[in-house]
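Architecture at a glance
Single-letter residue listing:
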Amino acid sequence: MRLPSRSLIFAVIMGLSPAISGEVFAQDATSDTSQVSDPAMREIDAAFAASKAAMMGSPSDALAQAEQAEALIQDLPESREKTIAYATALWLQSEALNR
């Protein structure tokens, strides 16, 4: 499974939705989401939580946390959770950049 491009995800997040093939977000029937380690997801979720907590008071800190989460996501095996985490990281980055 290939992750959607960063610009595509950003466009979707920002409401500029281009025509998207259902194939982009389709779950690969052979991907095993149990390969995603709980410690890795906990670390990513902690970065997401820190980004959300910092968003109103310090958008630059929120951006840094979202970028840290994105870096951690790169090591995850291909799965639905990875795709969702990647979209979440880009969403948080776009929110921070708009503040």
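Anything mentioned here points back to the structure above.
Residues numbered from 1 in each chain as written. Predicted model: local features only at pLDDT ≥ 70, side-chain atom pairs only at ≥ 80, totals over all residues. Heavy atoms only, no water.

Position of E70 among the secondary structure elements: in helix α4 (residues 59–73). For E70, a relative accessible area of 9% puts it in the buried group. A polar atom in the side chain of E70 sits 2.8 Å from the side chain of Q93. Setting aside anything within four residues of it in sequence, one finds E70 in contact with R6, Y86, A89, L90 and Q93. (Helix = DSSP H or I, 4+ residues; strand = E, 2+ residues; numbered from the N terminus. Buried < 20%, exposed > 50% of the residue type's maximum accessible area, 1.4 Å probe, protein only. Polar contact = N/O pair within 3.5 Å; in protein donor to acceptor, adjacent residues only side chain to side chain. Contact = heavy atoms within 4.5 Å.)

Before going further, it helps to examine the environment of S94. Of note, S94 is situated in helix α5 (residues 80–97). Its relative accessible area of 3% is what places S94 among the buried residues. Put simply, S94 and L63 are 31 residues apart on the chain and 8.3 Å apart in space, counted from C-alpha to C-alpha.

Our focus in this paragraph is the pattern of salt bridges. Pairing between side chains of opposite charge can happen when the charged atoms of each approach one another. A complete count under the given rule lists two salt bridges for this structure. The residue E78 makes a salt bridge to K82 at a minimum N-O spacing of 3.3 Å. Salt-bridge contacts for R99 lead to E95; the nearest nitrogen and oxygen are separated by 3.1 Å. You can call E95 partly exposed: its relative accessible area is 27%. (Salt bridge = Lys/Arg side-chain N within 4 Å of Asp/Glu carboxyl O.)

In this section: the nonpolar core. Counting 18 residues, the largest nonpolar core has I44, F48 and I73 as the members making the most contacts within it. Those elements that provide at least two residues to this core are α3 (38–54), α4 and α5. Top element by residues in this core is α5. It accounts for six residues. Filtering out sequence-adjacent residues up to four positions away, I44 remains in contact with A69, L72, I73 and L76. (Core = buried A, V, L, I, M, F, W, Y, C linked by side-chain atoms within 4.5 Å.)

Let us now look at the packing of α3 against α5. Two elements in contact, α3 and α5, have axes whose closest approach is 11 Å; the angle formed by their N-to-C orientations is 20°. On the basis of the axis angle, α3 is roughly parallel to α5. Taken as a pair, α3 and α5 cross one another with a handedness that is left-handed. For the pair formed by α3 and α5, the contact residues are F48, S51 and K52 on the first element and A85, T88, A89, W91 and L92 on the second. (Axes fitted to C-alpha atoms, helices over the stretch in contact; angles between N-to-C directions. Parallel < 35°, antiparallel > 145°, perpendicular 65-115°, else oblique. Left-handed = near helix turned anticlockwise from the far one by under 90°.)

By themselves, these are just geometric observations and shouldn't be taken as functional.
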